[in-house]
Amino acid sequence: MSLKLVGKRIVLGVCGGIAVYKSIELLRILVKEGANVRVIMTKNAKEFIGSLIFEALSGNSVLLDLFEDKHGGTIKHIDWARQADIVIVAPATANFIGKMVNGIGDDALTTFIMAVTSPTIICPSMNTYMYQSKAVQRNLNGLKKDGYYIVEPEVGELACGTKGTGRLPEPEVIFDKLISYISKKDLKDKKIIITAGPTHENIDPVRFISNPSSGKMGFAIAKSAERRGANVDLISGPTNLSSPIGVNVIKITSAVEMADKVFSCSDHADIIIKTAAVSDYRPKNQAFQKIKKDIDEISITLIKNIDILQELGKRKKNKQILVGFAAETENLDQYAQKKLMDKNLDMIVGNLIGASNAGFGSDSNKVTLFFSNGLKEILPEMSKDDLANIILDRIVTIKN
Ligand code: CTP
């Protein structure tokens, strides 16, 4: 669940377009993220889909008609507009956009939208020719000038059989844009390198040495940093995670490859965050063919990989901020503080492996932050998404 949406009052406006099925999924995501969502449907939306599904998923009654919305002597479309923290219209049709930009209110949604003063996101979706028409483009520019945030439609197959711009983006993409839009931009234009995931150190073409790192922590930090305005390079070992929207993902396999990529761009980075669980050793020799099991005992000689973070600490530029992670099985404070000093870091995020719901593979984590000024902060267990934002909050306050 995202801290950003917990308890937020969101109004979802739904117009009549084929993409209406995506607004159901969007509603589900918003509710899952802790928002209290109210839905307003146009008459045409009702032609595509019944209101019951929105009512069941939101847990609130759906507003359909301007003249049936009196409750307890108040007027719903005005009350909802005054109470909304965020408004999102998806899909928004050409007709709705035309009315909105011209201040025409002839149904519940268009009348409601005129009374809204909170951040409002409009997601147009229509046939390509309609979208590219002078009227729609003029109207969308008008909405932008009026300060509305437009989520541009995507290119793809459209229900009418044509291929072009006009598709409503997937609900996850709209959700991501919404979070970006309401996020503070305290990392605007900062260049951030984040490493994530495990490394694979090959023994032969089908076997490798690795660890159970899922990459979730690094991906969560990359996603949050991008939403907060940063320009993010995410250098990741093998994971099953999908690339965060707007982040430049660079995939690597081994520690040697990770080191190469990190050092090639580290000089220009304002902030480097090393969540990756880098293999400390790699096989000295890699077999070119699969090793056969024809002998009872084999030994593999391992040689040390470069400590990427320690090297970054040596090369550290003025004002560059370096953050490391330390996963320990014992003596967390002692080992984390030693790594903080030895690697010349500004902050290290330490966690004890083995704690339930924390660490490798889990969606949550329980960590202690150690700072170069000697302070430490013990954080409660929380989701990796929330932890990502707290780590970034602390980084923003570090002054070098
Ligand atoms: N790290 C790195 N390069 C390595 C090993 C570790 O950049 N070859 C970084 C990790 O990304 C992490 C930090 O150093 O941010 C600490 O990693 P960790 O594995 O906890 O500790 P090590 O320094 O490897 O020490 P040890 O394994 O002895 O605990």
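Criteria and cut-off values
- Residues numbered from 1 in each chain as written.
- Predicted model: local features only at pLDDT ≥ 70, side-chain atom pairs only at ≥ 80, totals over all residues.
- Heavy atoms only, no water.
- Helix = DSSP H or I, 4+ residues; strand = E, 2+ residues; numbered from the N terminus.
- Buried < 20%, exposed > 50% of the residue type's maximum accessible area, 1.4 Å probe, protein only.
- Contact = heavy atoms within 4.5 Å.
- Pairing = 2+ DSSP bridges.
- Axes fitted to C-alpha atoms, helices over the stretch in contact; angles between N-to-C directions.
- Expected span 1.5 Å × (residues − 1).
- Near = heavy atom within 4 Å.
- Polar contact = N/O pair within 3.5 Å; in protein donor to acceptor, adjacent residues only side chain to side chain.
- Areas by Shrake-Rupley, 256 points an atom, 1.4 Å probe, with all protein chains shown as cover.
- Nonpolar A, V, L, I, M, F, W, Y, C, P; charged D, E, K, R; others polar.
- Phe/Tyr/Trp six-rings, centres within 6.5 Å; stacked < 30°, edge-to-face > 60°.
- Lys NZ or Arg CZ within 6 Å of the ring centre and 35° of its normal.
- Salt bridge = Lys/Arg side-chain N within 4 Å of Asp/Glu carboxyl O.

## Re the environment of I252
Note on placement: I252 falls in the loop between β14 (248–251) and α11 (255–265). Classification of I252 as buried rests on a relative accessible area of 4%. In this structure the C-alpha to C-alpha distance between I252 and T128, which are 124 residues apart in sequence, comes to 39 Å. Excluding residues that lie within four positions of it along the chain, I252 makes contacts with T199, I235, S236, G237, P238, E257, M258 and K261.

## Considerations on the sheet that holds strand β2 (residues 36–41)
Within the open sheet, the five strands sit side by side as β2-β1-β5-β6-β7. Their pairing is parallel. Unpaired on one side and paired on the other, β2 and β7 (149–150) mark the two borders of the sheet. Across four bridges, the pairing between strand β1 (residues 9–14) and strand β5 (residues 86–92) is parallel. Directly across from I10, in β5, lies its bridge partner I86. The strands touched by helix α5 (residues 94–101) are β5 and β6 (120–124); relative to β6, the strand with the most contacts, the crossing angle is about 140 degrees.

## Describing helix α10 (residues 216–227)
The end-to-end C-alpha separation of α10 is 17 Å, in line with the 16 Å expected for 12 residues at 1.5 Å each. Across the 12 residues of α10, nine count as buried, placing the element largely inside the fold. Looking only at α10, the buried set comprises M217, G218, F219, A220, I221, A222, S224, A225 and R227. Trailing α10 by a residue or two, G229 shows a phi angle of about 100 degrees, which is positive.

## Some points on helix α14 (residues 384–397)
Compared with an ideal rise of 1.5 Å per residue, which puts 14 residues at 20 Å, α14 spans 20 Å between its outermost C-alpha atoms and is within 8% of the ideal. All of the buried residues along α14 are K384, D386, L387, A388, N389, I390, I391, L392 and I395.

## Some points on the site of the ligand
Around the ligand sit 14 residues, and of these K274, A276, F325, K339 and K343 come closest. The backbone of I308 places a nitrogen or oxygen atom 3.0 Å from a nitrogen atom of the ligand. K339 places a polar side-chain atom, nitrogen or oxygen, 2.8 Å from an oxygen atom of the ligand. For the ligand, whose free accessible area comes to 570 Å², the fraction covered by protein is 77%. Where the shell around the ligand is concerned, the elements lending two or more residues are α12 (308–315) and β18 (321–328). Ranked by the residues each element gives to the shell around the ligand, the list is headed by β18, at four residues. Grouping the amino acids of the shell around the ligand by side-chain chemistry returns eight nonpolar, one polar and five charged.

## What about the packing of aromatic side chains?
Applying the stated rule across the entire model yields one aromatic pair. Centre to centre, the rings of Y149 and Y181 are 4.4 Å apart; their planes meet at 15 degrees, and the pair counts as stacked. In this pair, Y149 sits in strand β7 while Y181 sits in helix α9 (residues 171–182), placing the two residues 32 residues apart along the sequence. Taking NZ or CZ as reference, R315 lies 4.1 Å from the ring centre of F263, over its face.

## Regarding the side chain of S125
Position of S125 relative to the elements: it lies in the loop between β6 and α7 (128–132). In terms of polar contacts, S125 uses its side chain to reach the backbone carbonyl oxygen of G166, at 3.3 Å.

## Thoughts on the pattern of salt bridges
Throughout the structure, instances matching the rule amount to 21 salt bridges. One salt bridge connects K99 with D106, and the closest N-O pair in it is separated by 2.8 Å. Since its relative accessible area comes to 13%, K99 is described here as buried. When its relative accessible area of 48% is taken as the criterion, D106 is described as partly exposed. K338 is the salt-bridge partner of D342, the closest N and O atoms lying 2.6 Å from each other. Here D342 and its partner K338 are both found in helix α13 (residues 332–342), four residues apart, which amounts to about one turn of the helix. Linked by salt bridges that have partners in common, K184, D186, R228 and D393 make up one network.

## Quick word on the sheet that holds strand β21 (residues 368–371)
The eight strands lie next to each other as β14-β13-β10-β15-β18-β19-β21-β22, forming an open sheet whose pairing is mixed. With partners counted over all chains shown, the strands left at the sheet margins are β14 and β22 (376–378), one partner each. Shown here is a sheet whose adjacent strand axes are inclined to one another by a mean of 15 degrees, direction ignored. In this structure, strand β19 (residues 347–352) lies alongside β21, joined through four bridges in antiparallel fashion. When the sheet's bridge partners are listed, M347 is paired in β21 with F371. Lying on the sheet, α11 is in contact with β10 (191–196), β13 (231–236), β14 and β15 (271–274); it crosses β10 at an angle near 170 degrees. Most of the contacts of α14 go to β19, to which it runs at about 150 degrees, and overall it touches β15, β18, β19, β21 and β22.

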